[in-house]
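Topology and contacts: notes
Residue strings, one per chain:
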Amino acid sequence: MIRCVFFDRDGTLGTLSDVRYPQTITYFPDARETIRALHERGIKAMIATNQSSIARGTGAGYDFDGEFRFLGADDWFICPHDNQDGCDCRKPATGLLRRALEKYHWSGGECAMVGDRETDILCGERMGMFTVLLSPQRECTFATRPKAIISSLSELLQVLPTD
Ligand SMILES: [Mg+2]
Ligand SMILES: [Zn+2]
């Protein structure tokens, strides 16, 4: 039984015209709908996002809280660091997901991680989560195998384990 789905932001909930600038995101039309559909089934929806944009300055002061609230997310966990900071939370490091599990007293097996990159899949796998790759071409181009591949968020509910 999945209690919570964690979503990567960039490339998963929407596309960015420039990843350095968080404000250039265009949300996929089914992002809010998918979160609502999860809620209808009693499943929480949270965001786990690397935002080196904050460390680099272009994302500093950006209203992530307002954005994630608008999306209907229940909570969000943001890594504000860059590669050279050596933090424990920049995916594929597990700090964001570990903090979330500690806060809500869930095990990894009760959660899913949805993302568009290997770092997301690896991070979810390390925490024992059900991993879902979002790939419009429905293909996995890296070594870490996701548990499921979807070509759009609207397919998510069909692939989540129900038992
Ligand atoms: Mg991404
Ligand atoms: Zn970090």
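What comes next concerns the included structure. (Residues numbered from 1 in each chain as written. Chains lettered and ligands numbered in written order. Predicted model: local features only at pLDDT ≥ 70, side-chain atom pairs only at ≥ 80, totals over all residues.)

Thoughts on the environment of Gly128
The cut-off we apply is this: By definition, any uninterrupted DSSP run of H or I lasting at least four residues is a helix, any uninterrupted run of E lasting at least two residues is a strand, and each is numbered from the N terminus. Whether a residue is buried, exposed or partly exposed is read from the other C-beta atoms within 10 Å of its own C-beta, which are placed from the backbone; 20 or more gives buried, 12 or fewer gives exposed, and intermediate counts give partly exposed.
Mapping Gly128 onto the fold places it in the loop between α5 (118-126) and β7 (130-134). Judged by the 14 C-beta atoms lying within 10 Å of it, Gly128 falls in the partly exposed class. Between the C-alpha atom of Gly128 and that of Pro22, which follows or precedes it by 106 residues, the distance is 29 Å.

Focus: helix α1 (residues 31-40)
For the record, the criterion: When we speak of the arc, we mean the arc of directions from the helix axis to the C-beta atoms.
Buried residues of α1: Ala31, Thr34, Ile35 and Leu38, and no others. Here the buried residues of α1 occupy an arc of 100° about the axis, which is enough to place them on one side. Looking one or two places after α1, you find Gly42, whose phi comes out positive at around 80°.

So, the pairing of strand β4 (residues 44-50)
Inclusion rule: Whether two strands pair comes down to DSSP finding at least two bridges between them.
Among the seven residues of β4, six are classified as buried, and the element is accordingly described as predominantly covered. As paired elements, strand β1 (residues 4-7) and β4 share four bridges and run parallel to each other. Among the inter-strand pairings, Phe6 is bridged to a residue of β4, identified as Met46. Where β4 meets strand β5 (residues 75-79), five bridges bridge the pair, whose relative direction is parallel. Within β5, the position partnered with Thr49 by the bridge is Ile78.

As for the nonpolar core
In plain terms, the rule: A set of buried residues qualifies as a nonpolar core if it consists of Ala, Val, Leu, Ile, Met, Phe, Trp, Tyr and Cys joined through C-beta atoms within 7 Å. Each residue gets a C-beta atom placed from its backbone, and two residues are in contact if those atoms lie within 7 Å.
Counting 39 residues, the largest nonpolar core has Val5, Phe6, Met46, Ala112 and Val114 as its most contacted members. The contact partners of Met46, leaving out residues within four places of it in the chain, are Cys4, Phe6, Ala73, Asp74, Asp75, Trp76, Phe77 and Ala100.

Observations concerning the sheet that holds strand β8 (residues 148-150)
To be explicit about the condition: Fitted lines through C-alpha atoms serve as axes, helices being fitted only where they are in contact, and the angles separating the N-to-C directions of these axes extend from 0 to 180 degrees.
The parallel open sheet is built from six strands, whose spatial order is β5-β4-β1-β6-β7-β8. Of all strands in the sheet, those with a lone pairing partner are β5 and β8, marking the two edges. Looking at each pair of strands side by side, their axes are set apart by 20° on average, direction ignored. Bridge analysis of β7 against β8 gives three bridges, and the strand direction is parallel. Bridge pairing links Leu134 to Ile150 in β8.

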